[in-house]
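What follows is the residue order along each chain.
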Amino acid sequence: MVKFTINQKEMSFDGDPETPLLWYLREEAGLKGTKFGCGIAQCGACTVHFNGRAFRSCILPMSAVDGADILTIEGLADGDELHPVQQAWIEEDAPQCGYCQAGQIMATADLLSRNPVPSDEDIDANITNLCRCGSYYRIRKAIHRAAEIKREREA
Amino acid sequence: MQGVSTAFGALLMSRGAGGGAVRSFALSCCLSGADRSRPTDALRQKLILIGYATFQMGERDDMTGSYDRRNFLKIGMVGGSLTATLTLAGCGRTESAASRSAATLTGEQLSVFVRINSDNSIVIGAPTMEMGQGTFTSMPMMIAEELDADWSRTTVELMPLGLKKLKPGEEGSDAAKNGYDYAYAYQGAGGSQSVRRNYMTLREAGAVVRSRLVRAAASRLGVPLSALRTQDSYVFHDAEDRSIPYGDLIEDAAALSDDVAVTLKNPADFKIIGSSSPIKGAREIVTGEPVFGIDQEIPGMVHAVLARCPYFEGTPVSFDATAARDVPGVIDVIQIDRKWSEPGGDSEVMLHGAVAVVAESLWAAIKGRRALTVEWDQGEFAEDSTESINAKLQSMLDNDEGGSEVRVDGDVTAALSAAETVIEAEYGFSVWTHACMEPHSAVADMREDRRKVIASHQFPERIAHCVAEITGCDPLDVAVETARLGGGFGRKFPPDYISEAVWLSHELKRPVKVTWMREDDIRHDAYNRGGVSRLRAGVDGEGRITAWDHAIGGHGFHIHVFPAGIVPNFRARNYRPRNGMWFGAWRGPGHNTMGFMIQSFLDETATELGVDPLDLRLQMLEPAQRIPYQGWGAEFYDTGRDAAVLKLVADKADWAGRDALPDGYGRGIASHFTFGSYCAHVVDVKVEDGALEILRVVSAIDCGRAVNRLGVMAQIEGGAMDGISAALHQAIHVQNGQVVEKNFDTYRMMRIDEAPKDIEVHIVESEEHPTGTGELSLPPVIPALTNAIFHATGKRIRNLPIADQLRA
Ligand code: FES
Ligand code: FES
């Protein structure tokens, strides 16, 4: 039996320990916001926070989740108040099809928690999620905007 | 469920502004309530007006058709609310399907174009599903404009699929099949045509509903119509400083008829069309709501993951499922034989030859499939490789074998021999796969009393046809639910991934969800055509291009594009080898690589002649002429509009300063006409020690009247990024009759670090009918990039992808 929290709720799992966290979240916990894109940690669509850090859930077996705190896109906002990254994504009109965006947002939220004022170079080095729609230009703007919102809120 | 159905409808004749074409509308309005004679508080709170406008493809319909409009609306109590919904009978479905589906409809489901709630909020229906192209925002803007709705208080839902049976002799749209066509609006998303096709229809729908509201207000206030105006979902009577929210007029409006003329707005008065609106539904996206096809479920469903034959046109011979069946949760292992629309030639895959593992959970199905051993019939292309495919093309071109003359104007041979200068080049480009970020999936319930499919698809009627073909039912009996698409790009046009779920559910008599792994997607795509092309241009003593000869090796190119119709002696030949690979539509199909070849070759010609590449283009395009367009998606190609986007982008991107750029920097230009819209880019690059950096993209676009400026810009930005990604790295290779690449580790796509940090989009102010934006940015961006690379380095990129050619 594996015990962990998802979005601060205590959970347990006693199924196949090889089950990737991604499929547990989507198929068993009913949290479909975390997306499947490749299954081999290449695209970032499945990004969640694992003990506070961005992690690609498609390659994380449930056996490794014991004792961990998992945060998914569904748990990022504070009630009705969106996380600065979510807010910035709306303000900059970043999503196109939107499929990659949960992963982009989770990766960015992690980046900002470590680096409150990321430069373009920091973004290039840290945000490696794919977007077939090519929304990168607005994603970059939204990352800078999110950093601003975060500072404004903290001030 | 208890309810009274009352509907009012009347024929309305309206003359579209400027268009002159007469369209007819039936507007059915109703009050929803359990008992109309006793209006309760609940009723007042939940009065719903539904405006329903039929769309006649092309010409008007006299409404003597087969619809019984009293059947359009279903009123009842659902979950304690009073609701009104459109029965599927109103969508042209048979009565049995309508009564079945009534059970699944709820008040939350939007029926048609407009639903006004008593709290003055408005729900607007979008005819086509959102896949990133922005139509969930732009199309409702057209309705909201004519309705004078408060845009900030509108939400958008997908209109359910409306199909009808064509009457004998009735002409259908290009999506019509087997005598069925869209009933209300063109609901397919592809070919950048959603806005172009639905612009008038949706405006008219908004105008019809507004007319009722204004007439209702006039009779309530006892004033003439001319004393009233509408704004932000209110009717205003300025003389006495009175106003009524639309939500208070529903009951009166519902009782009116539509036998009055409705005039569309003068575009000069537009407030919503032509503005910049962020996308509708953004909050759902950023909070992870389950809005995509892959997120959908049908209660009681099982999961299927398929091992598809890795060989082109291969199919399973036998399989060993012992280990697969040992995986806990695996229920069944089933062989599916390959089926395609027209065996041989340009066929479309209906079913891939495959073995399906069916399981209680998705993970069990994935594990089961991994444990499966299958013996394949390798088909006739088992020896194919990228090299052999290219060699075949080269030999066809060398020997002028198996080609056809697709277009011949004048006498190319004579013009080439009379030319002062002849320039020749060969271009090649790799095969690209779609790689929509959302892997394919579909969930189907083929039990006879259900016949339901939920999936992401660009053309929902194809789902209905697919079910009809597999189960033998009437397409009108299929309940199709389309979900948001995690990208389409043409891949969500084929029926293959739908057929799999339908076939399995039909076989197993229970709901089945099929999910594709990324490997399945990359190895079983309807790929973008790769190919080889040879171009020759003849130039006379005055520097004018007098001959253009294009020999194209490969399938499915748009031949009739620039400079067809401009260069007097023009010939295009096409050589199409029999191929195992399946090709389909990929963003800007047939244009995406034509733009690269033509606009790069033009640049070469300019260099050869020692003239500025922009000047050469303008010399060909001016003076402006409107050339009848022989290709798909437009009636005319206006060279003046093409010249105008080039001039605009040149001005904004400081084309004149090009020669002053430092060493290692380059600036390139290109334009292309795609599906009725014009786009030009200027790309700036820096190349240092073989390392390419794309500094800036400046774009100009003429898509007629821009409906949502912010959305138009998103499409141009995204298309440019997409094209640059394809040009930089994307390549599918073939070895031993199979696709080599399997996932994003080997099929390399651009990430944010390589993406240009600076993109500027300029929209031409235009009064022309709006045309599409989804596909037109991509074809010209690749040559603008490769032309910039040439300017920076003197190296001409004639083969895609660019990959490490600059390091050589
Ligand atoms: S699905 Fe996990 S990185 Fe792509
Ligand atoms: S928005 Fe479509 S993949 Fe990123």
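Keep in mind it's a predicted model, so treat the numbers as computed, not measured. (Residues numbered from 1 in each chain as written. Chains lettered and ligands numbered in written order. Predicted model: local features only at pLDDT ≥ 70, side-chain atom pairs only at ≥ 80, totals over all residues. Heavy atoms only, no water.)

## Focus on the environment of B:Ser138
Residues and elements named next belong to chain B.
No. 1: Tracing the chain through its elements places Ser-138 in helix 3 (residues 135-147).
No. 2: Taking the C-alpha atoms as reference points, Ser-138 and Ser-277, separated by 139 residues in sequence, lie 8.4 Å from one another.
No. 3: If near-sequence neighbours (up to four positions away) are discounted, Ser-138 is found in contact with Val-195, Val-707 and Asn-708. (Helix = DSSP H or I, 4+ residues; strand = E, 2+ residues; numbered from the N terminus. Contact = heavy atoms within 4.5 Å.)

## What to know about empty space enclosed by the protein
Over the atoms, a rolled probe matching the size of one water molecule traces out where space is still vacant.
All names here are of chain B.
No. 1: Taken as a whole and judged by the stated rule, the model has eight cavities of 30 Å³ or more.
No. 2: Approximately 110 Å³ is the volume attributed to the largest cavity.
No. 3: Around the largest cavity, the lining comprises 17 residues; the ones closest to its centre are Gly-132, Gly-134, Ile-279, Gly-711 and Ala-714.
No. 4: Examining the composition of the lining of the largest cavity, we find that four residues originate from one element, helix 17 (residues 709-728), more than from any other. (1 Å grid on protein atoms, 1.4 Å probe; cavity = no way out; pocket = protein on both sides within 12 Å on 5 of 7 lines; lining within 4 Å. Points joined across faces, edges and corners; volume = space filled by probe spheres on them.)

## Topic: the interface of chain B and chain A
No. 1: Taken together, the contact between chain B and chain A spans 58 residues of the former and 46 residues of the latter.
No. 2: Across the chain B/chain A interface, buried area totals approximately 4,700 Å², and carbon plus sulfur atoms make up 61% of it.
No. 3: Three residues, B:Val286, B:Met437 and B:Ile752, lead the burial of chain B against chain A; their summed loss comes to 18% of the area buried on that side.
No. 4: Applying the counting rule to chain B against chain A returns eight salt bridges. (Buried area = accessible area lost by both parts, 1.4 Å probe. Salt bridge = Lys/Arg side-chain N within 4 Å of Asp/Glu carboxyl O.)

## Some points on the domain arrangement of chain A
Residue and element names in this part refer to chain A.
No. 1: Here chain A is described as being made up of domain 1 (2-75) and domain 2 (84-154).
No. 2: The straight-line distance from the C-alpha centre of domain 1 to that of domain 2 is 21 Å.
No. 3: Taken together, the contact between domain 1 and domain 2 spans 17 residues of the former and 13 residues of the latter.
No. 4: Together domain 1 and domain 2 conceal approximately 1,200 Å² of surface at their shared face, both sides included; 57% is due to carbon and sulfur atoms.
No. 5: Summed over the shared surface of domain 1 and domain 2, the number is one salt bridge.
No. 6: In this structure, Asp-110 engages Arg-53 in a salt bridge whose closest nitrogen and oxygen atoms are separated by 3.3 Å.
No. 7: In this structure, the connection of domain 1 to domain 2 is made through eight residue pairs in polar contact (both at pLDDT 80 or more). (Domains from an automatic or database assignment. Polar contact = N/O pair within 3.5 Å; in protein donor to acceptor, adjacent residues only side chain to side chain.)

## Some thoughts on helix 4 (residues 194-221) of chain B
No. 1: Helix length check: helix 4 of chain B (28 residues) gives 40 Å between terminal C-alpha atoms against 40 Å at 1.5 Å per residue, within 8%.
No. 2: Where helix 4 of chain B bends most, at B:Met200, the angle is about 35°. (Expected span 1.5 Å × (residues − 1). Bend = angle between axes of the 7 residues up to and from the residue.)

## Points about the domain arrangement of chain B
Residue and element names in this part refer to chain B.
No. 1: Segmentation of chain B into domains returns domain 1 (2-286), domain 2 (293-380 + 440-515) and domain 3 (386-433 + 527-578 + 589-807).
No. 2: Contact residues are listed per partner, giving 25 residues for domain 1 and 17 residues for domain 3.
No. 3: With both sides pooled, the region where domain 1 packs onto domain 3 buries about 1,600 Å², and carbon together with sulfur makes up 57% of that total.
No. 4: Taken as a group, Ser-192, Arg-196 and Tyr-199 account for 34% of the area that domain 1 buries against domain 3, more than any other trio of residues on that side.
No. 5: Along the contact surface separating domain 1 from domain 3 lie zero salt bridges.
No. 6: Across the contact surface, domain 1 and domain 3 share eight residue pairs in polar contact (both at pLDDT 80 or more).
No. 7: Of all the secondary-structure elements, those providing two or more residues to the side of domain 1 that touches domain 3 are helix 3 and helix 4.
No. 8: Here the side of domain 1 that touches domain 3 is built from residues that sort into ten nonpolar, 13 polar and two charged. (Nonpolar A, V, L, I, M, F, W, Y, C, P; charged D, E, K, R; others polar.)

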